[in-house]
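# An overview of the molecular structure
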Amino acid sequence: MKIVLGPASSQLGRQIALNLQAETVPVAFKTFPDGEDYVRLEGQVEGEDVAIVQTTNPPQDPKLIQLALMADSAKRNGAKRITAVVPYLAYARQDRIFLQGEPISAETIARMLKAAGVEQLITVNVHQENVLSHFPFPAKSVSAVPVLAEYFVKKGHAKAFALSPDKGAVHIAEEARNVLGGECGYLEKKRDRYSGHVSMEMKTFDVKDKTVVIFDDIISSGGTIVAAAMILKELSPKGIYVACVHPLLIGDAEKLILQAGVREIVGTDSVPSSVSKVSLASLISRELAQ
Ligand code: R5P
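As a starting point, this report considers the structure included with it. (Residues numbered from 1 in each chain as written. Predicted model: local features only at pLDDT ≥ 70, side-chain atom pairs only at ≥ 80, totals over all residues. Heavy atoms only, no water.)

A word on the overall build of the chain. Scanning the chain from terminus to terminus reveals eight helices and 16 strands. Relative to the globule expectation of 19 Å for 290 residues, the C-alpha radius of gyration of the chain, 20 Å, shows essentially globular dimensions. Expressed as lengths along the three principal axes of its C-alpha atoms, the size of the chain is roughly 60 × 45 × 35 Å. Across the 290 residues of the chain, 50% fall into the buried class. For the chain, the computed accessible surface area is about 13500 Å², with 48% contributed by carbon and sulfur atoms. When the 32 basic and 33 acidic side-chain charges of the chain are each reduced to a single mean position, those positions are 3 Å apart. (Helix = DSSP H or I, 4+ residues; strand = E, 2+ residues; numbered from the N terminus. Rg over C-alpha atoms; globule rule 2.2 N^0.38 Å. Buried < 20%, exposed > 50% of the residue type's maximum accessible area, 1.4 Å probe, protein only. Areas by Shrake-Rupley, 256 points an atom, 1.4 Å probe, with all protein chains shown as cover. Lys, Arg positive; Asp, Glu negative; His and termini not counted. Charge placed at Lys NZ, Arg CZ, Asp CG, Glu CD.)

Close to the ligand lie 13 residues, the nearest being Arg 93, Asp 216, Asp 217, Ser 221 and Thr 224. Note that an oxygen atom of the ligand is positioned 2.5 Å from one of the side-chain N or O atoms of Asp 216. Here an oxygen atom of the ligand sits 2.8 Å away from a polar atom, N or O, in the main chain of Ser 220. Burial of the ligand by the protein amounts to 92% of the accessible area it has alone, namely 380 Å². For the ligand, the cavity whose grid points lie within 2 Å of the majority of its atoms is the largest pocket. (Near = heavy atom within 4 Å. Polar contact = N/O pair within 3.5 Å; in protein donor to acceptor, adjacent residues only side chain to side chain. 1 Å grid on protein atoms, 1.4 Å probe; cavity = no way out; pocket = protein on both sides within 12 Å on 5 of 7 lines; lining within 4 Å. Sits in = over half its atoms within 2 Å of the grid points.)

Right, let's talk about the pairing of strand 6 (residues 81-86) for a bit. Counted residue by residue, strand 6 has five buried out of six residues, so it is predominantly covered. With five bridges connecting them, strand 5 (residues 49-53) and strand 6 associate as parallel partners. If you follow Val 53 over to strand 6, its bridge partner there is Val 85. Of the crossover connections in this fold, the one passing from strand 5 over helix 2 (residues 60-76) to the parallel strand 6 is right-handed. Where strand 6 and strand 7 (residues 120-124) come together, four bridges link them in parallel fashion. (Pairing = 2+ DSSP bridges. Right-handed = clockwise from strand over helix to strand, strands pointing away.)

Take the environment of Lys 80 next. Locating Lys 80 in the fold gives a position in the loop between helix 2 and strand 6. The class of Lys 80 is exposed, set by a relative accessible area of 57%. Sequence separation between Lys 80 and Gly 223 is 143 residues, and the spatial gap between their C-alpha atoms is 44 Å. Excluding residues that lie within four positions of it along the chain, Lys 80 makes contacts with Gly 47, Glu 48, Asp 49 and Glu 119. (Contact = heavy atoms within 4.5 Å.)

With that settled, consider the packing of helix 2 against helix 3 (residues 105-116). Helix 3 packs onto helix 2 with a crossing angle of 25° between their chain directions and a minimal axis gap of 8 Å. As summarised for this structure, helix 2 and helix 3 are arranged roughly parallel, according to the angle between their axes. From helix 2, Leu 64, Leu 67, Ala 68, Ala 71, Asp 72 and Lys 75 reach across to helix 3, where they touch Ile 109, Met 112, Leu 113, Ala 115 and Ala 116. In the contact of helix 2 with helix 3, the residues fall into nine nonpolar, no polar and two charged. (Axes fitted to C-alpha atoms, helices over the stretch in contact; angles between N-to-C directions. Parallel < 35°, antiparallel > 145°, perpendicular 65-115°, else oblique. Nonpolar A, V, L, I, M, F, W, Y, C, P; charged D, E, K, R; others polar.)

Strand order in the open sheet made by the six strands is 10-9-13-14-15-16, with parallel pairing throughout. Looking along the sheet, the strands with just one partner apiece sit at the ends: strand 10 (184-186) and strand 16 (276-278). When strand polarity is set aside, the average angle formed by the axes of neighbouring strands in this sheet is 35°. Here strand 9 (residues 161-164) runs beside strand 10; their pairing, made up of three bridges, is parallel. Residue Leu 163 lies in a different strand from strand 10, and its bridge partner there is Gly 185. In this fold helix 6 (residues 223-233) packs onto strand 9, strand 13 (211-219), strand 14 (239-247) and strand 15 (262-268), with an angle of close to 165° to the strand it touches most, strand 13.

This paragraph deals with the packing of aromatic side chains. If you walk through the whole model with that rule in mind, you get five aromatic pairs. Taking 5.9 Å as the distance between ring centres and 80° as the angle between the ring planes, the aromatic pair formed by Phe 32 and Tyr 38 counts as edge-to-face. For the ring pair Phe 152 and Tyr 241, a centre distance of 6.0 Å and an interplane angle of 75° mean the geometry is edge-to-face. Of the two residues, Phe 152 is situated in helix 4 (residues 145-154) and Tyr 241 in strand 14; the sequence distance between them amounts to 89 residues. For the pair shown, Phe 152 and Tyr 241 are each scored as buried. (Phe/Tyr/Trp six-rings, centres within 6.5 Å; stacked < 30°, edge-to-face > 60°.)

Here it is in structure tokens:
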């Protein structure tokens, strides 16, 4: 197998290649003055199984185009099989029509990748697993929650309370609890589909004098975590920490979360950021080796 180092995830790609003892294919890339993207694979892929590692965090559109262009190039140059490794899969949250007139964006992206030559996709903690049923080729989401929870165990927070800020994502808190060995719970979140405003309902659970780790798949504006931290503070925990798979951290998100009383934010390198303290390299390498 050869690992194509997509410009958005070159460091992660290099680590995956090291783990698998696979050859890397560097990618030359640039943006033309008019904003169009250009890529060129600087290595041979003929007859090879190829994994293109490219996340699609903001600005997601040029990264998706780069991914499609890399796949097209790999296909034209005779790659045997093309797997897209897309740790953060953009547009996955629009996996159905919420308001009349909307597209199913996830499906549009899936079709675009198929047309470019992608034959298999590996992603990490996709927002809703059912989005993958829109993909016209095998697509799998692996979970980084256990490795995030292990980070907290190593830091001395075994038995911490794992909290999901949304009932729909309670499975994430449950998965974390299985590693942390404590309890878990959830809050009830409501988001206004027009304004984006997040409100949260208080739940009764006992976190007094306990360490709480809020687990979420994505931190975007930070609104969800800030709302959860505000509620938690009323319950007098010992400390509040945050773990997230995809730290998009748009605008002042990091600052707002810390100001809300969170002691530490821990993310993965799904999205390279100031809080990417946990690497997905081993998880993805294991998946590619199967
Ligand atoms: C939504 O359901 C996700 O699980 C995250 O909670 C959400 O995307 C976070 O967004 P924000 O940081 O803007 O509240």
